[in-house]
Amino acid sequence: MTLRLFSAVTATLLALGIAGSAQAQPGRTAPVFDTWLVDCASTGVCFSSSFTRNQSVWVDLRIVRDWRADAQPLLRLTTNTVLPQTGTLRFDVDGATIESLPIEQLREIQAGVTSPAGFRPLGGEGFWYPTGAVTSTLLTALQTGQELTVHMPREGSAETVSVSVPLQGLKSGLLWLDNRQNRTGTASAIVSPGSEPPVNAPHALPILAPEELPAEVSAIWHANRLCSSIDPTIFASLNAVRVPLEDGASLYIVPCGAPTAYNSPYVAIYAGKDGAARQVHVARMSESGPIATDLIYNARWVPADRQLISYFKGSGVGECGLWNRWVWNGTGLVLLEEASRKTCDNTEPDLSNWSNTWPLKNASK
């Protein structure tokens, strides 16, 4: 990583001036409502998911919605059990059957459903549920029920495997999605729709190939020999984005070199409405004071807050390393928070207990 010392005055103003501002302060980890996790990708696609295991069989159920105003909620079911070509997938809520779908029909539906950019399902066999009014009916039942039971046929067996998914917390998770995408009170809200017309949610646009970068941005990206040495097929899977800003400007967050076992480096490049581009450096704290770096590891953009997250993992588990959060203030990315944990002991990661290096405050080691 290339590090540069800021001048003492510039670094102090950059690091200290923002910390006291009234910016949104999201948690270091995604919120969880009972068994339902909620989160948004860098593009602005958001989801609520629940992972449930019944002995050796697991089910991952996700309600997914893109950022566009007219985007409908999608429901995706993924499982590790091998499903046959025939048979029926059945959904029961509190013992009452809501829907029975032939496997053949589900397989046919997949070609007609476009997966939102930035959505990454778990590995396994996955199906999008039929879209539109059918999904709305199921979501209504899920919000008012206590337990969803998914009955699945199994390849090479006459028996059906059943996995029960608790529904407590789902409604709160869906409300979080509505609020995060500015849909509460609009016609597109899932939980509390209203009469207001839907609007585009905060978002960024995916970049799938280096060729999609404007010439000025591409020149900066290529100027760093580490950046352009990445395989194009790897580039496509690393969630590079263009963030639309005011007055036609854009912030590009793009991979810089091939990822390592645990970490992928990125750089941020600002392009003005006139096309002129410049690389954006970010502040970090060290024992000697504020420093600047051009590399951001495992970068994730948070559209609703216009914030950028970095999570450098010191191990594959991620229980140690460095976590940073910056906010876009109109001209640059300004450090809001930094936390670290130096002990790599193979424990479950808990970033909420990582010690703050900025702003300084009491935290457990």
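Residues numbered from 1 in each chain as written. Predicted model: local features only at pLDDT ≥ 70, side-chain atom pairs only at ≥ 80, totals over all residues. Heavy atoms only, no water.

Caption draft 1: Representation of the overall build of the protein within the structure. If you tally the helices and strands in the protein, you get 6 helices and 24 strands. Considering the protein as a whole, with its 365 residues, one finds that 48% of them fall into the buried category. Taking all contacts inside the protein whose residues are at least 6 apart in sequence as the whole, residues at least 24 apart take part in 54%. Summed over its atoms, the accessible surface of the protein is roughly 16900 Å², and 52% of this surface lies on carbon and sulfur atoms. Placing the 27 positive and 32 negative side-chain charges of the protein at their respective mean positions leaves the two points 7 Å apart. (Helix = DSSP H or I, 4+ residues; strand = E, 2+ residues; numbered from the N terminus. Buried < 20%, exposed > 50% of the residue type's maximum accessible area, 1.4 Å probe, protein only. Contact = heavy atoms within 4.5 Å. Areas by Shrake-Rupley, 256 points an atom, 1.4 Å probe, with all protein chains shown as cover. Lys, Arg positive; Asp, Glu negative; His and termini not counted. Charge placed at Lys NZ, Arg CZ, Asp CG, Glu CD.)

Caption draft 2: Representation of helix α2 (residues 103–110). Of the residues making up α2, those classed as buried are I103, L106, I109 and Q110. Buried residues of α2, viewed axially, fall in a sector of 120°; they line one side. Check the buried side of α2 and you find it contacts β7 (88–93), β8 (96–102), β9 (125–128) and β10 (147–154). (Arc of directions from axis to C-beta.)

Caption draft 3: Highlighting helix α4 (residues 170–180). The complete set of buried residues in α4 reads L170, G173, L174, W176, L177 and D178. In this structure, the buried side of α4 is in contact with β2 (32–33), β3 (36–40), β4 (46–54), β5 (57–65) and α3 (133–144). Positive phi shows up at N182, right after α4, with a value of about 60°.

Caption draft 4: The arrangement of the sheet that holds β3 in detail. With antiparallel pairing, 6 strands are arranged side by side in an open sheet as β2-β3-β4-β5-β6-β9. Among the strands making up the open sheet, the edge pair consists of β2 and β9. The sheet contact formed by β5 and strand β6 (residues 74–79) spans 6 bridges and is antiparallel. Counted as the bridge partner of L61 is L77 from β6. (Pairing = 2+ DSSP bridges.)

Caption draft 5: Structural context of the side chain of S310. Here S310 lies in strand β21 (residues 307–313). Exposure remark for S310: the relative accessible area of 5% places this residue in the buried category. Only 3.0 Å separates the side chain of S310 from the backbone oxygen of Y297, close enough to count as a polar contact. With residues near it in sequence (within four places) discarded, S310 still touches I296, Y297, N298, L322, W323, N324 and W326. (Polar contact = N/O pair within 3.5 Å; in protein donor to acceptor, adjacent residues only side chain to side chain.)

Caption draft 6: Representation of the state of the cysteines in the model. For the structure shown, the criterion picks out 3 disulfides. Residue pairing for C227: its cysteine sulfur links by disulfide to C256, the two sulfurs lying 2.1 Å apart. One quick way to see it: the torsion about the S-S bond of C227 and C256 is about -90°, and its sign makes the bridge left-handed. Note that C227 is positioned in the loop between α5 (215–223) and α6 (232–235) and C256 in the loop between β14 (250–255) and β15 (265–271), a separation of 29 residues in sequence. Residue class for C227 comes out buried when judged on its relative accessible area of 1%. Given a relative accessible area of 3%, C256 falls into the buried group. Shown here is the disulfide that connects C320 with C344, its sulfur atoms set 2.0 Å apart. Between C320 and C344 the disulfide shows an S-S torsion of about 100°. By sign, it is right-handed. (Disulfide = S-S within 2.5 Å.)

Caption draft 7: Layout of the packing of aromatic side chains. As enumerated under the stated definition, the model contains 7 aromatic pairs in all. Their ring planes at 90° and their centres at 5.4 Å tell us that F91 and Y129 sit as a pair that is edge-to-face. Of the two residues, F91 is situated in strand β7 and Y129 in the loop between β9 and α3; the sequence distance between them amounts to 38 residues. The same class applies to F91 and to Y129, which are both buried. Plain terms: the ring middles of W221 and F235 are 5.8 Å apart, the flat faces sit at 85° to each other, and that makes the pair edge-to-face. Within this pair, whereas W221 is found in helix α5, its partner F235 is found in helix α6, the two being separated by 14 residues in sequence. Judged by relative accessible area, which is 2%, W221 ranks as buried. Seen from the ring of F47, R62 lies directly overhead, with NZ or CZ sitting 4.9 Å from the centre. Stacked on the ring of W128, the Lys or Arg R76 has its end atom at 5.3 Å from the ring centre. (Phe/Tyr/Trp six-rings, centres within 6.5 Å; stacked < 30°, edge-to-face > 60°. Lys NZ or Arg CZ within 6 Å of the ring centre and 35° of its normal.)

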